[in-house]
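Coordinate inspection notes
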Amino acid sequence: MNKKTAVLDDAAIRRTLTRLSHEIVERNKGVEDLVLIGVKTRGVPLATRIKDKITDIEGVSLPQGELDITLYRDDLKEITDNREPEIKASSLPVDISGKKVILVDDVLYTGRTVRAAMDALIDLGRPSSIQLAVLVDRGHRELPIRADFVGKNIPTSKDEIVTVYVNETDEKEEVVIYGK
């Protein structure tokens, strides 16, 4: 893979998450019954940052959880090469039944990860709604899924890869497009 371009740096990511946080509060007319759920791996630190920004905006700390979708993926055999999948625990701080869940992920591409995440959420409770917040939407949907809150739309070809790096897991902060 060769690096084509860095699309967002750390300051741009920070500004984007601030805007997304304001949009979430505005569209939901406040924070009542909201729960933030980050999709592992990079959706979790993004959800934490959104939670912190919403706390600054509204003065209320939202419940936040982590969701592992490994067993819900439809490409599990392809990505594990017949090895045992690495399962990370999901953690939900409250019962999500009747709550407005904001699902947070780093990149929206085919929609398959989001479909798996929705299946996992439904197994854990019956939220009143599920809204999707993503840092990057790169297009090329294979399923009829769209994000409610998008940090940045980045038109890409299928031969490109969009990678989000966050300090918590990668010790750097940027969004990069790579060519195959």
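Residues numbered from 1 in each chain as written. Predicted model: local features only at pLDDT ≥ 70, side-chain atom pairs only at ≥ 80, totals over all residues. Heavy atoms only, no water.

Going through the model one piece at a time under the given rule, you end up with 13 salt bridges. Put simply, E23 and R19 hold a salt bridge, and the shortest N to O gap is 3.0 Å. Here R19 and E23 lie together in helix α1 (residues 10–27), a separation of four residues that amounts to about one turn. A relative accessible area of 25% means that E23 is categorised as partly exposed. A salt bridge links D33 to K99; the nearest nitrogen and oxygen atoms lie 3.6 Å apart. Separated by 66 residues along the polypeptide, D33 in the loop between α1 and β2 (34–39) and K99 in the loop between α3 (76–80) and β4 (100–108) bring together distant segments of the chain. The partly exposed category is assigned to K99, whose relative accessible area is 24%. (Salt bridge = Lys/Arg side-chain N within 4 Å of Asp/Glu carboxyl O. Helix = DSSP H or I, 4+ residues; strand = E, 2+ residues; numbered from the N terminus. Buried < 20%, exposed > 50% of the residue type's maximum accessible area, 1.4 Å probe, protein only.)

Below, the discussion takes up the UniProt feature "short sequence motif: PRPP-binding" (unreviewed entry) in the protein chain. The feature "short sequence motif: PRPP-binding" (unreviewed entry), as given by UniProt, occupies residues 101–113 in the numbering adopted here. Annotated as residues 101–113, this span is 15% helix and 62% strand, and its ends, taken at the C-alpha atoms, are 16 Å apart. (UniProt positions renumbered as here; feature names shortened; annotations may be inferred.)

Strand pairs in the sheet, formed through backbone hydrogen bonds, run parallel or antiparallel to each other. Reading across the sheet, the three strands line up as β1-β8-β7 and stay open at both edges, with antiparallel pairing between neighbours. Looking at the sheet topology across the chains shown, the edges are occupied by β1 (2–8) and β7 (160–165). Mean inter-strand twist for the sheet, computed between neighbouring axes without regard to direction, equals 25 degrees. Across six bridges, β7 lies against strand β8 (residues 174–179) in antiparallel orientation. Residue V162 lies in a different strand from β8, and its bridge partner there is I177. (Pairing = 2+ DSSP bridges. Axes fitted to C-alpha atoms, helices over the stretch in contact; angles between N-to-C directions.)

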